[in-house]
Amino acid sequence: MPVFNSHTAFEIARGVKAFLNLEAGLTRNGLLDPQVSRDKDEEISRLRAELARLRSAPRPASSSTEEAPIFFLIGRSKSGTSWLMRLLNFHPEILCRGEGMFFDKDSPRSLLRALSRSEEVQTWLARSPWTRQAPDEGLKSMLGTFVSRAMMQRLEGARGRVGTKRIVGDKSPFKSANTVKDIGTFCPGAKVVHIIRDGRDVAVSSAHHRWNNATDVGGHRNLTPDQVAKREAYRSDPSAFLATGESIFAEGHVAEIARSWKESVGGTVENAASLGENYYELRYEDLLAEPIAEVRRLLGFLGADSGEKVAKECVEAASFEQLSGGRAQGEEDSSSFYRKGIAGDWKNHFSEEDKRVFKEEAGKLLIRLGYEKNLDW
Amino acid sequence: MTSGIEGNGRSSLLARVRGLYRGRLRALADGKATFASGGAGSEASSTPVFFVTGLGKSGTRWLTKILDSHPEILCKGEGRFFSASWHRADLESESDKALASSLYYALTHSDHLRFWIERSVWSRDDEPDEHLKALMRLATDYFLTAQLSETDKMLVGDKSPLQDEEFMREVSEVYPGAKVIHIIRDGRDRTVSSMHRGWRRASQGYLHRLTSEELTMGEALREDPNKLVETGMFTEERLRQAARHWRLLVGRAVRDGRALLGPDYTEVRYEDLLVRPNEEVERLLDFLGADTEPKIVEHCVSSARFEKLSKGRERGEEDPTSFYRKGVAGDWRNHFTAEDSRIFKEEAGDLLIQLGYEKDLDW
């Protein structure tokens, strides 16, 4: 899949010409016998065919990620993507940063949306004689190449500081199952790591995340006075609050999360089938229970050094104690991004009604992913 | 040059040429590593890309046809990749007939895009413009090579009119390594041609920027071509503006092209292309690295002959309603009044001298 350099190609064109001119000159001067000339004709047509083959190879844009050691770390938000990003970034060979937000045109912050929404870009694509056939295709390849270029450039920069870095990854949580599809389209050949967490824990974590991003504490999310009261009640005495059996969730929030978890996570698993061996799935829960074994497997997938020693260092550097600034796992700080860091916390939070709603919306996916055997929980 | 080559010498020379050529093919194939390992973008290129540019009504389309008829060259237009300052609002219309803004304008003026670049962890530490440049380069590369790959040609070029004075600088920054052919025509002839174009577009219902005074003059001229002998065909404002425009854009393109693109830049005169087409076309093909076999040169020249483009008229035989109106050099002498000459001299006399169209201001 050649991305060749313009000077080289100009030289080739010139080379063909020089070759032909030379042949003409030699023949004119009687220096070339007809047999050699015939051989050369064959050779020239063969070389030309080869050139044509090189040129008709798939577009540079789609090939660049095949060559470049690029991966995307994705997952539903509150599923451990930041934790895993930090963990991987500690690896001497890996640069992992976030959040690029390259894909999914329905995602308000994505690059794809930015390009799709630029009227001027769209008009150009629609009217240029170079694009008339397929403006969307053009946009795609352009974006894919740009993404890998931006990431490779960062990798170069990081290599200046840590010479061993050679694999680069972007961590971006997804909003929908489009993200994995987009990666397959725009950056075919890139590796994708999908971290999955029990949707019920995602829901609990999301509720706390909402509280932390409320406008009254400097965030962007509007909470009803009811919700603020709930938050304050929980924070002043979590166990007393939970003992009342009241839900921590705002009206409709459990259903909303269960639905989006089902659609985005379930959809991603389905859409990832087309990525084949370039797709890798791991569980938040497994990463908690067997961190070193899990990390070693993941590093193997990424083509990085997966020795026990380096895996252990990564795990320790990104331990909950480190990330939370000293708290032990399970020791809750409701206001922290690294709140509690455990699996199954939903059991402490879900009201009976919350369970019913979640079961209804996403009970089947819980079973399919092996989080439950049936709906009797 | 080949006379001294005998026997083994001859075949070893052939072997060397063959080896050289194979080596180049290999280099081409190995080029795939460029992007993956380099990453910085500017060195990651694809095919031999060139641009044909020139001020409107200077023969850009004619030259495009000549080049496109070469078996190794795909050349068409107008991609309007460059000229970041060129946008649709120039035409003050949202009409469907309005052209799209340049791609560079579109990319540099998308608030969403800039916002993303300024915020994303992958780009926010750099100059946003550098990323936009890279995006522009990758896009241009992509579009041109995508179409090239559907043909069995080797070289691809876009014909983009000179829209502003930054063209050469933009090419040198965004697309180092691309070749540029700049076609230049006597500013007086192109001004005459351009005026005819304005009237033609107005009469055919296209967007135009003519004043009502100019439209009236156009009608008068159409009714009786001799009517304007004394008054001329231009308003003073139009002529001054056209002369100034030619001086600024062509002058800057010549200066920047030579200084910034060096060997990747060449010029051709509309007038030379008229009087010695084969010689000039051969030179341009050689510049691009295309086959300059005389038969091919002849084929290119004749496929784009005026008679062919104008569907049967001879050069000099005027049809004011046609894009290929008259196709001659020096027609300004039939149109310029003494006052017109004075105005043009005042605005652009120096560039006419610099480009060799005149020796001095005594014309």
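Remember, predicted model here, so these are calculated numbers, not experimental data.

Engineer: What am I meant to see in the overall build of chain B here?
Structural biologist: The secondary structure content of chain B amounts to 16 helices and five strands. With 363 residues in all, chain B has 45% of them scored as buried. Counting only contacts in chain B whose residues sit at least 6 apart along the sequence, the fraction spanning at least 24 positions is 68%.

Engineer: Got a minute to help me understand the overall build of chain A in this structure?
Structural biologist: The helix and strand inventory of chain A stands at 18 helices and five strands. Of all 377 residues assigned to chain A, the portion counted as buried reaches 45%.

Engineer: Would you take a moment to explain the nonpolar core for this structure?
Structural biologist: Among soluble globular proteins, nonpolar side chains are generally buried collectively. Ranked by internal contacts, the top residues of the largest apolar core, which has 156 residues, are Phe71, Leu143 and Val192 of chain A together with Leu107, Leu135, Val171 and Val180 of chain B. The biggest single contributor to this core is helix H6 (residues 128-148) of chain B, with 11 residues. If we ignore the near neighbours within four places in the chain, the residues touching valine 180 of chain B are Phe50, Phe51, Thr53, Met168, Val171, Gly257, Leu261, Asp264 and Tyr265 of chain B.

Engineer: In this structure, what is going on with the sheet that holds strand S5 (residues 279-283) of chain A? I would like to understand it.
Structural biologist: Strand pairing in a sheet relies on backbone hydrogen bonds, with the paired strands running either antiparallel or parallel. Residues and elements named next belong to chain A. If you trace the five strands from one edge of the open sheet to the other, you get S2-S3-S1-S4-S5, paired in parallel fashion. Edge positions in the sheet fall to strand S2 (94-98) and S5, since each of these pairs with one other strand and no more. Ignoring which end each strand starts from, the neighbouring axes of this sheet average 20 degrees apart. Pairing between strand S1 (residues 70-76) and strand S4 (residues 191-196): four bridges, direction parallel. When the bridges of S4 are listed, phenylalanine 71 appears paired with lysine 191. Contacting S1, S2, strand S3 (167-174) and S4, helix H4 (residues 81-89) runs over the sheet at an angle of about 150 degrees to S2. Strand contacts of helix H12 (residues 253-271): S1, S3 and S4, with the helix running at about 150 degrees to S1, the strand carrying the most contacts.

Engineer: Is there a simple way to think about the sheet that holds strand S3 (residues 155-161) of chain B in this case?
Structural biologist: Residues and elements named next belong to chain B. A sheet is described by the order of its strands in space; here five strands give the open sequence S2-S3-S1-S4-S5, paired in parallel fashion. Edge strands, defined here as strands with exactly one partner in the open sheet, are strand S2 (73-77) and strand S5 (265-269). Direction aside, neighbouring strands of the sheet carry axes that sit 20 degrees apart on average. Sheet analysis places strand S4 (residues 179-184) next to S5, joined by five bridges and oriented parallel. From the neighbouring strand, isoleucine 184 faces S5, where its bridge partner is arginine 269.

Engineer: Whenever I open this one, helix H9 (residues 212-223) of chain B confuses me. Can you help?
Structural biologist: Because an α-helix completes one turn every 3.6 residues, residues spaced three or four positions apart along the sequence face the same direction. Residues and elements named next belong to chain B. With 12 residues, H9 should cover 16 Å at 1.5 Å per step; its first-to-last C-alpha distance of 17 Å lies within 8% of that length. Those residues of H9 not exposed but buried are Glu214, Met217 and Gly218. Seen along its axis, H9 keeps its buried residues to an arc of 105 degrees; they face one direction. Turned more than 90 degrees from where H9 packs its buried face, Ser212, Glu213, Thr216 and Glu223 sit exposed.

Engineer: Please clarify how helix H9 (residues 199-212) of chain A should be interpreted in this entry.
Structural biologist: Residue and element names in this part refer to chain A. Compared with an ideal rise of 1.5 Å per residue, which puts 14 residues at 20 Å, H9 spans 20 Å between its outermost C-alpha atoms and is within 8% of the ideal. Most of H9 sits out of view: 11 of its 14 residues are buried. Inspection of H9 places Gly199, Arg200, Asp201, Val202, Ala203, Val204, Ser205, Ser206, Ala207, His208 and Trp211 among the buried residues, and these make up the whole buried set. At its buried positions, H9 is contacted by S1, helix H10 (225-236), H12, helix H17 (346-349) and helix H18 (352-368).

Engineer: How do you make sense of the pairing of S3 of chain B when you look at a structure like this?
Structural biologist: Consecutive side chains along a regular strand alternate between the two faces of the sheet. Residues and elements named next belong to chain B. Counted residue by residue, S3 has seven buried out of seven residues, so it is predominantly covered. Residues Leu155, Gly157, Lys159 and Pro161 of S3 are buried on one face, and the alternating residues Val156, Asp158 and Ser160, pointing to the opposite face, are buried as well. In the sheet, strand S1 (residues 49-54) pairs with S3 via six bridges, with the strands oriented parallel. Bridge pairing links threonine 53 to serine 160 in S3.

Engineer: Explain the confidence of the model for chain B here, please?
Structural biologist: Detailed conclusions should not be drawn from predicted coordinates in areas where pLDDT is low. Residue and element names in this part refer to chain B. Looking at chain B as a whole, the pLDDT averages 82, with 84% of positions reaching at least 70. Confidence over residues 1-46 falls short of pLDDT 50; this stretch has 82 contacts with residues more than four positions distant or in other chains. Scoring of the predicted complex yields 0.74 for pTM and 0.71 for ipTM.

Engineer: Just to check I follow, could you spell out the environment of phenylalanine 51 of chain B for this structure?
Structural biologist: When you line up the elements, phenylalanine 51 of chain B lands in strand S1. Sequence separation between phenylalanine 51 of chain B and valine 180 of chain B is 129 residues; the distance between their C-alpha atoms is 4.8 Å.

Engineer: So what exactly am I meant to see when it comes to the packing of H12 of chain A against H18 of chain A here?
Structural biologist: Each pair of packed helices gets described by two things: the angle between the helix axes and the distance between those axes. All names here are of chain A. It is the contact of H12 with H18, at a shortest axis distance of 9 Å, that shows an interaxial angle of 10 degrees. On the basis of their axis angle, the class for H12 and H18 is roughly parallel. When H12 is examined against H18, the residues Val254, Ala255, Ala258, Arg259, Trp261, Lys262 and Gly266 are found in contact with a partner set consisting of Asp354, Val357, Phe358, Glu361, Ala362 and Leu365.

Engineer: Looking at this structure, how should I read unusual backbone geometry?
Structural biologist: Comment: phi is negative for the bulk of residues other than glycine, and the bulk of peptide bonds are trans. Backbone torsion omega between glycine 98 of chain A and glutamate 99 of chain A reads 5 degrees, so that peptide bond is classified as cis. For the bond running from glycine 77 of chain B to glutamate 78 of chain B, omega is 0 degrees, close enough to zero to count as cis. For methionine 101 of chain A, which is not glycine, the phi torsion reads 50 degrees and is therefore positive. Structurally, methionine 101 of chain A can be placed in the loop between S2 and helix H5 (111-117). If you check the backbone angles, serine 83 of chain B has positive phi at about 75 degrees while not being a glycine.

Cut-offs applied
- Residues numbered from 1 in each chain as written.
- Chains lettered and ligands numbered in written order.
- Predicted model: local features only at pLDDT ≥ 70, side-chain atom pairs only at ≥ 80, totals over all residues.
- Helix = DSSP H or I, 4+ residues; strand = E, 2+ residues; numbered from the N terminus.
- Buried ≥ 20, exposed ≤ 12 C-beta atoms within 10 Å, placed from the backbone.
- Contact = placed C-beta atoms within 7 Å.
- Core = buried A, V, L, I, M, F, W, Y, C linked by C-beta atoms within 7 Å.
- Pairing = 2+ DSSP bridges.
- Axes fitted to C-alpha atoms, helices over the stretch in contact; angles between N-to-C directions.
- Expected span 1.5 Å × (residues − 1).
- Arc of directions from axis to C-beta.
- pLDDT = per-residue confidence, 0-100.
- Parallel < 35°, antiparallel > 145°, perpendicular 65-115°, else oblique.

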